[in-house]
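# Survey of secondary and tertiary structure
The primary structure of each chain is shown beneath.
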Amino acid sequence: MTAPRDETHFGYTTIPLEDKQGRVDDVFHSVARRYDLMNDLMSGGLHRAWKDALLTAVNPPKGDRPFALLDLAGGTGDVAFRVAQAGGPNTRVTVCDINAEMLAVGAERAAQRGLDHAVTFEQGNAEELPYADKSFDCVTIAFGIRNVPRIDRALAEAYRVLRIGGRFLCLEFSAVDVPGLDTLYELYSFKVIPRVGQAVTGDREAYQYLVESIRKFPKPQAFARMIEQAGFRRVSFRQMTGGVVALHSGWKL
Ligand SMILES: C[S@@+](CC[C@H](N)C(=O)[O-])C[C@H]1O[C@@H](n2cnc3c(N)ncnc32)[C@H](O)[C@@H]1O
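Structure report, in brief. Residue positions within a chain follow its written sequence, with the count starting from 1. Owing to the predicted nature of the model, reporting of local features is limited to residues with pLDDT of at least 70; listing and counting of side-chain atom pairs is limited to 80 or more, with chain, interface and lining totals taken over all residues. Water and hydrogen atoms were dropped before computing side-chain values, which therefore reflect all heavy atoms in the structure.

## Describing the state of the cysteines
Condition: Defined by distance alone, a disulfide is two cysteine sulfur atoms within 2.5 Å. Between buried and exposed lies partly exposed: a residue is buried under 20% and exposed over 50% of the maximum accessible area for its type, with that area taken using a 1.4 Å probe on protein chains only.
In the structure shown here, the tally under the stated rule is zero disulfides. In this structure C96 is not part of a disulfide, and its nearest cysteine sulfur, from C138, lies 15 Å away. Exposure remark for C96: the relative accessible area of 1% places this residue in the buried category.

## Focus on the pattern of salt bridges
Oppositely charged side chains may form a pair once their charged atoms are brought near each other. Spelled out, the test is: What makes a salt bridge here is a side-chain nitrogen of Lys or Arg within 4 Å of a carboxyl oxygen of Asp or Glu, nothing more. Helix and strand labels come from DSSP, where a helix needs a run of H or I of at least four residues and a strand needs a run of E of at least two; each type is numbered from the N terminus.
Overall, the coordinates contain 14 salt bridges when judged by the stated rule. The residue R160 makes a salt bridge to D133 at a minimum N-O spacing of 2.8 Å. Linking R160 in helix 6 (residues 151–161) with D133 in the loop between strand 5 (119–123) and strand 6 (136–142), this pair joins segments that are 27 residues apart in sequence. R163 is paired through a salt bridge with D137; the nearest N and O atoms lie 2.5 Å apart. Separated by 26 residues along the polypeptide, R163 in strand 7 (residues 162–173) and D137 in strand 6 bring together distant segments of the chain. You can call R163 partly exposed: its relative accessible area is 31%. Residue D137 is classed as buried on the basis of its relative accessible area of 17%.

Rendered as structure tokens:
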């Protein structure tokens, strides 16, 4: 008898665990060139405010103290650019993402903004980071963790590469808990987003995956427990926009 294969979700579809990364990679290959435009369209620009809240929590030094940030699943560099612009002259950001197409868009944007001295783009898997232990002051991941097949491995890796006293920050879609807003949000997510995705990127499936994967992601309390299980201390989270997103935090102490 063969052992049962591990399964996971790709949106609402149950698939073998080992197939998920390939499916996720197809999604981001397909939408990379239109990814930033779609973020603005889908969130009505709100993703900028959420990323600004993440930047405030990162709080890079304004002076010349060295500061190394790892932005996991950093895609086209949005979080990295914010931190590099806000930080002092020795702030350095490494964007690590599994998808070469997203990274290529990010590297072009960095060059256009004159930020290529401060931001580097490197291909890597969040589950198996190509960095030494204790090499970063802060690790961020924005709208990335729910795409990673083995979340516990990614959290363990974030913990490993952080120095003692470093902070892990994760911005992710969460659970809307405001009566009335939840119904509107459901309608908007399932009726509007896949259609806009189809019109702008030609890939409806990618945006269907996006809204389904948000619903499948653990509730914020459960995700906070996973962060604790990875070894982080003083774990907390703050929901924004009625629970549309949550900013999770943990320290390596
Ligand atoms: C929704 S995008 C977020 C991009 C960026 N952080 C932002 O906020 O705009 C998700 C990103 O996760 C990346 N990703 C998915 N699985 C990954 C993995 N195992 N390791 C690293 N990156 C991954 C995708 O390639 C994609 O760029």
